[in-house]
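Tertiary structure, described
The primary structure of each chain is shown beneath.
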Amino acid sequence: MALPKRRQSRARSRKRRTHWVLPMPMLVECSNCGEMKRAHRVCPHCGYYQGKEVLEVEAI
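Now for a description of the structure that goes with this document. (Residues numbered from 1 in each chain as written. Predicted model: local features only at pLDDT ≥ 70, side-chain atom pairs only at ≥ 80, totals over all residues. Heavy atoms only, no water.)

A short note on the overall build of the chain
Each helix and strand counted, the chain has one helix and four strands in total. Ordered by position in the sequence, the α and β elements of the chain form the string α-β-β-β-β. The C-alpha atoms of the chain give a radius of gyration of 22 Å, which is well past the 10 Å a tight globule of 60 residues would have. Here the C-alpha coordinates of the chain stretch approximately 65 × 25 × 20 Å along the principal axes. When the 60 residues of the chain are sorted by exposure, 10% land in the buried category. Taking contacts inside the chain between residues at least 6 apart in sequence as the whole, the part at least 24 apart equals 0%. Here the chain displays about 6,400 Å² of accessible surface, and carbon together with sulfur accounts for 54% of that area. (Helix = DSSP H or I, 4+ residues; strand = E, 2+ residues; numbered from the N terminus. Rg over C-alpha atoms; globule rule 2.2 N^0.38 Å. Buried < 20%, exposed > 50% of the residue type's maximum accessible area, 1.4 Å probe, protein only. Contact = heavy atoms within 4.5 Å. Areas by Shrake-Rupley, 256 points an atom, 1.4 Å probe, with all protein chains shown as cover.)

A few points about unusual backbone geometry
The backbone of His-40 shows a phi angle near 65°, a positive value even though the residue is not glycine. Summarising the element assignment, His-40 is placed in the loop between strand E2 (36-38) and strand E3 (48-49).

Quick look at the structure:
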């Protein structure tokens, strides 16, 4: 099994890890209330999905 001859510097390993970023979730506008929500999911603000009420959301 191969072994590294020298320890990698912090800068070198951190440069490699710069691409370890989580992508931002895709957001779309809710057709019912206009709030931004994740695509293909029930709107957490109004409880509607594809024009139908799926959840009863209590107004605060």
